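Overview (structure and organization)
Residue strings, one per chain:
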Amino acid sequence: MDMIQLIEEAIEDERRAAEKYRMGAEIAEDPETRTFFEQLVSWEQGHERILRDRLAALKLLKDE
Amino acid sequence: MPEPGRQIIAAHYLYLLKEDGESLRKLWTQLAGPAAAARSSGDAAGAAAMPLLALDEEPEPERCAIMQCVGDGDMDFCLAMLRNLAVIEVVRLKGAGDGEQQWRDFLRFIDGQRRQAMAEGISLFGETTMLVAPQETVDADGDAACDLISARLAPASTLELPGLGESPEAAAAPACRRLASDLAPELCGGGNPRLTQYPGIENSAVDYFVLRAGAPERIVSTVFPELDSLLKELRRAVAFFREQRDTIVEENTSIDKQVGALLHRQVVTMDAANPDTAELENRIAELSRMFGLLTTDSLMARQADKRLEKDLGALRRALGRMMAREPDSIDDIGDHYLELYGSEREAIRVVSRDLDHSRQSAEAAIGVVRTRIELIRAEEGSQLQSRTRGLLDQMVKLQEEGMALQVAAGLIEFVLIFYYVLISWEHLLGIEQSEHISAVMRIIPVMGLAAGASLGTHFLARSIKNKTWKNPGMWISAVMIFASLAGIVLLSLSAARDGG
């Protein structure tokens, strides 16, 4: 498995995790739990953004 | 591209990596699909305008090649190919009514499209929004149009642009930084065209420009994306190289410290007095590992330098094609980015030079430790030689002593045999008979027998030691013994006859 493939899989993992937490936020009954899940969604989206940036850079520079 | 007479008021550029074909196809369908459908429902020929993506076609290097365009009257959508990126250009044409309201609607439309693209998992490489102010506005009001736009864009430190209906005075932050460049008039139908960037919102995912030009079509469709895509590529590459550089510098500093400490231990402290070859060999292995790391880092730094050199060259060419060449014209955009990325390249070159020095240090340290091992081995060899020489001397001495003892033993053996044989012969022959044999004739055979026996013993011992009977000395000794015995017998018989 090369680095690009690995990052693509990691992005997919982050997306899945964010989706799971989003569902958690939707079904949460108390505001604290909902906020907690929303925070987790935000973190996962941040990770996904970092991974996407790195992936784009690697793809751009891979022929060098 | 817009039909003649239609004025461009804004454009938005969505960049993707060319190799992300699936994202590109999805985004193009999302953006241009409704326009193409609308057109085909009203015009049968419009169906033919729905683009077929020709992603395998390569544009001229460093130039923007428009592959397909489709429009719905209010907006045009074009797909273009660049060096490493593909771009979808969304161009807003002036409609009836308030221009500012149309800008606001356009920005909202783009925000909505972006959200939809994100939900679809489309990975954008970068985005740029360009608002276009007509030349006549500028001619009438100086830079009023640009000031208005900058006032609305400048404070937007987040992704959200301020609503155009909100107070522009509050938004017009004095710290707002603008980079303005005069464009080549021949690209914009003459006049004094100018491109302004607002790098104050550089951290946002979108870059913002304002173009002031009488005929902006060529700039909007091909010339600007050539420059903009290069700036985006450079930004992404430089961010990556910066991270890489930080890691390399950290690694390099740590290795320099370790090498320095090791050399200090070797040359100055106790380790120098109590060397251990195995320990030194471990250090060579460790230094070799460091040397390998530095070589890899150095290679990465060189590759980064090469890439930046290439990209900066392309940026210079793109700026040269786009910007005005008059002596009094300004080019803040070109100056800013050439300086920014030029200094990044210089920083990488400094790191590359530092790495070369560190590699030399590691190589020198390996040399020092290796020399130390060789010295230790040479010293050990010398000690071994000295011990061997002592042993050899001892052996020679022992051999000499052994030989003296052997000679002494041989002499004693000779005397004893001589004495006892002589006495025994006289006793066996009798005193009277013995007197018939002269003293000389009695001594000669007895002496021969004693000598033969002594020598024979010596040669027999040598034969046993060498495990061979091929020993002439032993056989000569045997002959001597038999001859002497024969002499004794003959002389005894002769004496008996004379006495008889």
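This one's a predicted model, so the numbers in the text were calculated from it and none came from an experiment.

**Here we look at the overall build of chain A**
When you go through chain A residue by residue, the secondary structure sums to two helices and zero strands. Against the compact-globule benchmark of 11 Å for 64 residues, chain A has a radius of gyration of 15 Å, which places it well outside the compact range. The principal-axis extents of the C-alpha atoms in chain A amount to approximately 50 × 15 × 10 Å. Within chain A, buried positions represent 38% of all 64 residues. Partitioning the intrachain contacts of chain A with sequence separation of at least 6 by distance along the chain shows that 65% fall at a separation of at least 24.

**Looking at the nonpolar core**
Residue and element names in this part refer to chain B. Met130, Leu195, Leu211, Ile219, Val220, Leu315 and Met322 are the most contacted members of the largest nonpolar core, which totals 78 residues. The dominant element in this core, judged by the number of residues it contributes, is helix α6 (residues 217–267), at 16 residues. Filtering out sequence-adjacent residues up to four positions away, Leu211 remains in contact with Met130, Leu131, Val132, Ala133, Leu183, Arg194, Leu195, Pro216, Ile219 and Val220. One finds Met75, Phe77, Met81 and Phe106 within the second-largest nonpolar core, a separate group that totals 27 residues.

**Section: the confidence of the model for chain B**
In regions of low pLDDT, the predicted coordinates are not meant to be interpreted in detail. Residues and elements named next belong to chain B. Model confidence for chain B is summarised by a mean pLDDT of 82, while 82% of its residues fall at 70 or above. The low-confidence segment residues 138–142 (pLDDT under 50) makes three contacts with residues lying over four places distant or belonging to another chain. Contacts for the low-pLDDT stretch residues 154–176, under 50 throughout, to residues beyond four places or in other chains number 31 contacts. For this predicted complex, the interface confidence reaches an ipTM of 0.77, while the overall pTM sits at 0.70.

**As for the interface of chain B and chain A**
The partner chain A presents twelve residues to the 18 residues of chain B that form the contact. Between chain B and chain A, a total of about 1,300 Å² is buried, with carbon and sulfur atoms accounting for 55% of that surface. Among the residues of chain B in contact with chain A, Arg236, Phe240 and Arg307 of chain B are the three that bury the most area, contributing 40% of the side total. The interface formed by chain B and chain A holds four salt bridges in total. Note that Asp53 of chain A is salt-bridged to Arg236 of chain B, the shortest N-O span being 2.8 Å. For the pair chain B and chain A, the number of links is six residue pairs in polar contact (both at pLDDT 80 or more). Going through the elements one at a time, α2 (99–119), α6 and α8 (277–322) of chain B are the ones with two or more residues in the side of chain B that touches chain A. Ranked by the residues each element gives to the side of chain B that touches chain A, the list is headed by α6 of chain B, at six residues. When the residues that make up the side of chain B that touches chain A are grouped by side-chain class, the tally is seven nonpolar, four polar and seven charged.

**Topic: the pattern of salt bridges**
All names here are of chain B. In this structure the tally under the stated criterion is 34 salt bridges over all chains. The salt bridge partner of Asp311 is Arg83, with a shortest N-O separation of 2.9 Å. Note that Asp311 is positioned in helix α8 and Arg83 in the loop between β3 (75–81) and β4 (85–93), a separation of 228 residues in sequence. Here Arg194 and Asp182 are joined by a salt bridge, their closest N and O atoms 3.0 Å apart. With Arg194 in strand β7 (residues 194–197) and Asp182 in strand β6 (residues 179–182), this pair connects stretches of sequence that are twelve residues apart.

**Considerations on the packing of helix α1 (residues 3–27) of chain A against helix α2 (residues 31–61) of chain A**
Residues and elements named next belong to chain A. Interaxial distance between α1 and α2 falls to 8 Å at its minimum, and their mutual angle equals 165 degrees. Judged on the interaxial angle alone, α2 and α1 are roughly antiparallel. The two elements α1 and α2 meet at a crossing, and its hand is left-handed. Looking at side-chain class alone, the contact of α1 with α2 contains 15 nonpolar, three polar and eleven charged residues.

**Looking at the state of the cysteines**
Residue and element names in this part refer to chain B. Under the defined criterion, the tally for this structure stands at one disulfide over all chains. Between the sulfur atoms of Cys69 and its disulfide partner Cys78 the distance amounts to 2.0 Å. With the S-S dihedral at roughly 110 degrees, the linkage between Cys69 and Cys78 falls on the right-handed side. Cys64 carries a free sulfur, and the closest cysteine sulfur to it, the one in Cys78, is 9.2 Å from it.

**Structural notes on the packing of aromatic side chains**
Between two aromatic rings, the relevant description is the distance of the centres plus the angle of the planes. Residues and elements named next belong to chain B. Under the definition given, this model contains nine aromatic pairs over all chains. Pairing Tyr337 with Tyr341 gives two aromatic rings, centres 5.8 Å apart and planes at 20 degrees, and the pair type is stacked. Taken as a pair, Tyr337 and Tyr341 lie in helix α9 (residues 332–429) at a separation of four residues, close to a single helical turn. Judged by its relative accessible area of 1%, Tyr337 is buried. Connected via pairs of aromatic rings, a cluster forms that spans Tyr13, Tyr15, Phe209 and Phe224. In this structure, Arg236 is placed above the aromatic ring of Phe125, and the distance from its NZ or CZ to the ring centre is 4.5 Å.

Thresholds applied
- Residues numbered from 1 in each chain as written.
- Chains lettered and ligands numbered in written order.
- Predicted model: local features only at pLDDT ≥ 70, side-chain atom pairs only at ≥ 80, totals over all residues.
- Heavy atoms only, no water.
- Helix = DSSP H or I, 4+ residues; strand = E, 2+ residues; numbered from the N terminus.
- Rg over C-alpha atoms; globule rule 2.2 N^0.38 Å.
- Buried < 20%, exposed > 50% of the residue type's maximum accessible area, 1.4 Å probe, protein only.
- Contact = heavy atoms within 4.5 Å.
- Core = buried A, V, L, I, M, F, W, Y, C linked by side-chain atoms within 4.5 Å.
- pLDDT = per-residue confidence, 0-100.
- Buried area = accessible area lost by both parts, 1.4 Å probe.
- Salt bridge = Lys/Arg side-chain N within 4 Å of Asp/Glu carboxyl O.
- Polar contact = N/O pair within 3.5 Å; in protein donor to acceptor, adjacent residues only side chain to side chain.
- Nonpolar A, V, L, I, M, F, W, Y, C, P; charged D, E, K, R; others polar.
- Axes fitted to C-alpha atoms, helices over the stretch in contact; angles between N-to-C directions.
- Parallel < 35°, antiparallel > 145°, perpendicular 65-115°, else oblique.
- Left-handed = near helix turned anticlockwise from the far one by under 90°.
- Disulfide = S-S within 2.5 Å.
- Phe/Tyr/Trp six-rings, centres within 6.5 Å; stacked < 30°, edge-to-face > 60°.
- Lys NZ or Arg CZ within 6 Å of the ring centre and 35° of its normal.

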